[in-house]
Amino acid sequence: MLRPDGLLLVSTRHYDDLLRDRPVSTPPQVHRNIDCADSEERAVTFQLWHWHDDGEHYDLEHFQVLPAGEEWRVQVRRTTY
C-alpha cells in the first residue's frame, strides 16, 4: 500500500530488444553504500543473465559488491524473469 505522500515509480524495459539481443549482463554501476547512509563508502552492482532455451525467460543473478574493511564482500540475489 502506498502512503498518502508516498511516491510510486513505474518503469518498463524494451523487452522486444532484450528478447532479440539476449544480453548476458548489465554494466557495473557504482552507488553510495545504502547500508551506511552516513558514509562515503561505495557499492558496485551488476547483473548476470542466463537465458533459457525458450529464448523468453532468463535466470538473473544480482551482484552487490560491498566494502568490508580493507576487503570487499559479495551479496548475490537470484530470480527468474
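Now for a quick tour of the structure. (Residues numbered from 1 in each chain as written. Predicted model: local features only at pLDDT ≥ 70, side-chain atom pairs only at ≥ 80, totals over all residues. Heavy atoms only, no water.)

Another point: the overall build of the protein chain. Helix and strand counts for the protein chain stand at 1 helix and 4 strands. Helices and strands appear in the protein chain in the N-to-C order α-β-β-β-β. Computed over the C-alpha atoms, the radius of gyration of the protein chain is 16 Å, more than 25% above the 12 Å expected from 2.2 N^0.38 for a compact globule of 81 residues. When the backbone C-alpha atoms are referred to their principal axes, the protein chain occupies close to 45 × 40 × 20 Å. (Helix = DSSP H or I, 4+ residues; strand = E, 2+ residues; numbered from the N terminus. Rg over C-alpha atoms; globule rule 2.2 N^0.38 Å.)

With that out of the way, let us pick up the packing of aromatic side chains. One pass over the full model with this rule turns up 5 aromatic pairs. Taking the centre distance of 4.5 Å and the plane angle of 20° together, the rings of tryptophan 49 and tyrosine 58 count as stacked. Between tryptophan 51 and tyrosine 58, the ring centres sit 4.7 Å apart and the planes meet at 45°, which makes this aromatic pair tilted. Residue class for tyrosine 58 comes out buried when judged on its relative accessible area of 3%. Put simply, the rings of Trp49, Trp51, Tyr58 and Tyr81 touch in pairs and so form one group of aromatic residues. (Phe/Tyr/Trp six-rings, centres within 6.5 Å; stacked < 30°, edge-to-face > 60°. Buried < 20%, exposed > 50% of the residue type's maximum accessible area, 1.4 Å probe, protein only.)

Turning our eyes to something else, we now look at the side chain of glutamate 61. Looking at the element boundaries, glutamate 61 is found in strand E3 (residues 58-68). Residue class for glutamate 61 comes out buried when judged on its relative accessible area of 14%. Reaching out from glutamate 61, the side chain makes a polar contact with the side chain of histidine 50 at a distance of 2.7 Å. At a separation of 3.0 Å, a polar atom in the side chain of glutamate 61 contacts the side chain of arginine 78. The contact partners of glutamate 61, leaving out residues within four places of it in the chain, are Phe46, Gln47, Leu48, His50, Val76, Arg77 and Arg78. (Polar contact = N/O pair within 3.5 Å; in protein donor to acceptor, adjacent residues only side chain to side chain. Contact = heavy atoms within 4.5 Å.)

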